[in-house]
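Secondary and tertiary structure notes
Listed below are the residues making up each chain.
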Amino acid sequence: MGKFLMFLAVVAGLVLSAQIAGAETIWSENFSDVSDWGVIFDPGGGSVIKRSNGLDSMQSDSSPAHMAALYVDKEHTQAAFSPNPAGSNFIPFDPEKKSEYTLKWKVDRLTTSVSWDIAIDEFNANKKYINTIWGICTANNEAGKEFSKNLGNKGWSASTRYIIPKISLHSGDAAQTAYLSYMSLEKASK
């Protein structure tokens, strides 16, 4: 009987661990349509976000046909891109459970003189802007790999109820582009 009870305890522990370890995708963007994204900061002017049509010379054979092409027009400038703050682009967020959230993304390609980073804008229950959380991903020039960042170590406002990601590009030369394959936010499921 003792071995059977121990077996049941081990099985129950494994089931509970599997449930805790699971995650639910609460928001995702595969960049098949970027019409709800926009340039939200562009002091140099001319920057755009568009859907890559799969014919771009920067794209490899393994690249998805749909990617966002984030283009910075001017030399030595910065531009920021984000989903437009409307409707389903407001992602529900509970700052008391911040360690349950993980942001994932892939930067497929970068042109020669561009680096990028990711921030998140915070909004209250009325969907009014509160603050920007910087340093979700520090500026770098890595591409071709997937990234994952848990949001638990950031100082979120207690009044935050919604978030929207923001991608910043920093260009050393004019006409620079970053190609993103996807972005998603997961929340640990219970």
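Residues numbered from 1 in each chain as written. Predicted model: local features only at pLDDT ≥ 70, side-chain atom pairs only at ≥ 80, totals over all residues. Heavy atoms only, no water.

1. A look at the overall build of the protein chain
Our working definition: Secondary structure counts use DSSP, requiring at least four H or I residues in a row for a helix and at least two E residues in a row for a strand, with both numbered from the N terminus. For the exposure calls, accessible area comes from a 1.4 Å probe over protein chains only, and a residue counts as buried if that area is under 20% of its type's maximum, exposed if over 50%, partly exposed in between.
Across its full length, the protein chain holds one helix and twelve strands. Counting from the amino terminus, the protein chain carries its helices and strands in the arrangement α-β-β-β-β-β-β-β-β-β-β-β-β. Of all 190 residues assigned to the protein chain, the portion counted as buried reaches 41%.

2. A closer look at the pattern of salt bridges
The condition is simple: Within this document, salt bridges are pairs made up of a side-chain nitrogen of Lys or Arg and a carboxyl oxygen of Asp or Glu, the two lying within 4 Å of each other.
In the structure shown here, the tally under the stated rule is seven salt bridges. In this structure, E186 and K104 form a salt bridge, with 3.3 Å as the shortest nitrogen-oxygen distance. Here E186, found in strand β12 (residues 176–188), pairs with K104, found in strand β7 (residues 101–110); they are 82 residues apart in sequence, far enough to count as distant. Its relative accessible area of 17% is what places E186 among the buried residues. A salt bridge links K106 to D108, with the nearest nitrogen and oxygen atoms 3.7 Å apart. Note on D108: relative accessible area 2%, which makes it buried. Among the charged side chains, a network of salt bridges with common partners joins K106, D108 and R109.

3. Observations concerning the pairing of strand β5 (residues 77–83)
Filter applied, for reference: Only strands joined by at least two bridges in the DSSP assignment are considered to pair.
For β5, the tally of buried residues reaches six of seven residues, placing the bulk of the element in the interior. Of the pairings in the sheet, the one linking β5 to strand β11 (residues 162–171) comprises five bridges and is antiparallel in character. Residue pairing in the sheet places F81 in a bridge with I167 of β11.

4. Structural notes on the packing of aromatic side chains
The test is simple: The pairing test for Phe, Tyr and Trp rings, Trp by its six-membered ring, is centres within 6.5 Å, and the orientation test on the planes gives stacked under 30 degrees, edge-to-face over 60, and tilted for anything in between. Cation placement over rings: the criterion is NZ of Lys or CZ of Arg within 6 Å of the ring centroid and within 35° of the ring normal.
As enumerated under the stated definition, the model contains nine aromatic pairs in all. Geometrically, the ring pair formed by W105 and W116 is edge-to-face, given 6.3 Å between the ring centres and 85° between the ring planes. Taken as a pair, W105 in strand β7 and W116 in strand β8 (residues 114–123) lie far apart in primary sequence, eleven residues in all. For the pair shown, W105 and W116 are each scored as buried. In this structure, K127 is placed above the aromatic ring of Y162, and the distance from its NZ or CZ to the ring centre is 5.1 Å.

5. Observations concerning the environment of L103
The condition is simple: When checking whether two residues touch, look at their non-hydrogen atoms; a contact exists if any pair is within 4.5 Å.
With respect to the secondary-structure elements, L103 resides in strand β7. In this structure, the C-alpha to C-alpha distance between L103 and I118, residues 15 residues apart in sequence, is 9.9 Å. Apart from residues no more than four positions distant in its own chain, L103 is found in contact with I118, I120, I136, F147, S148, K149, L151, M183, S184 and L185.

6. Focus: the confidence of the model for the protein chain
Put simply, the rule reads: For every residue, the predictor assigns a confidence score, pLDDT, that lies between 0 and 100.
Per-residue confidence for the protein chain gives a mean pLDDT of 83; residues scoring 70 or more make up 81%. Within the protein chain, strand β6 (residues 91–92) carries the highest mean pLDDT (96), whereas helix α1 (residues 2–21) carries the lowest (43). In the model, residues 3–20 has pLDDT below 50 throughout and makes four contacts with residues more than four positions away in sequence or in other chains. Counting interchain partners and residues more than four positions distant, the pLDDT-below-50 stretch residues 54–61 has twelve contacts.

7. Some points on the nonpolar core
To keep it simple, the criterion reads: As used in this record, nonpolar core signifies buried Ala, Val, Leu, Ile, Met, Phe, Trp, Tyr and Cys residues forming a set joined through side-chain atoms within 4.5 Å.
If you look at the biggest cluster of nonpolar residues, it comprises 34 residues, and the most contacted ones within it are L151 and M183. Listing elements by their share of this core, those giving two or more residues are β4 (67–72), β5, β7, β8, β9 (129–140), β11 and β12. With five residues, the top contributor of residues to this core is β7. Here L151 is in contact with F93, K98, Y101, L103, I120, I136, W156, I163 and L185, once residues within four sequence places are set aside.

8. Digging into the environment of W116
Going by this rule: Within 3.5 Å is the distance limit for a polar contact, defined as a pair of N or O atoms, with the added protein rule that one can donate a hydrogen and the other accept it, and that residues adjacent in sequence qualify only through two side-chain atoms.
The class for W116 is buried, based on a relative accessible area of 1%. Remark: the alpha-carbon pair of W116 and N141, spanning 25 residues in sequence, is separated by 6.7 Å. A polar side-chain atom of W116 sits 3.1 Å from the main-chain carbonyl oxygen of E142.

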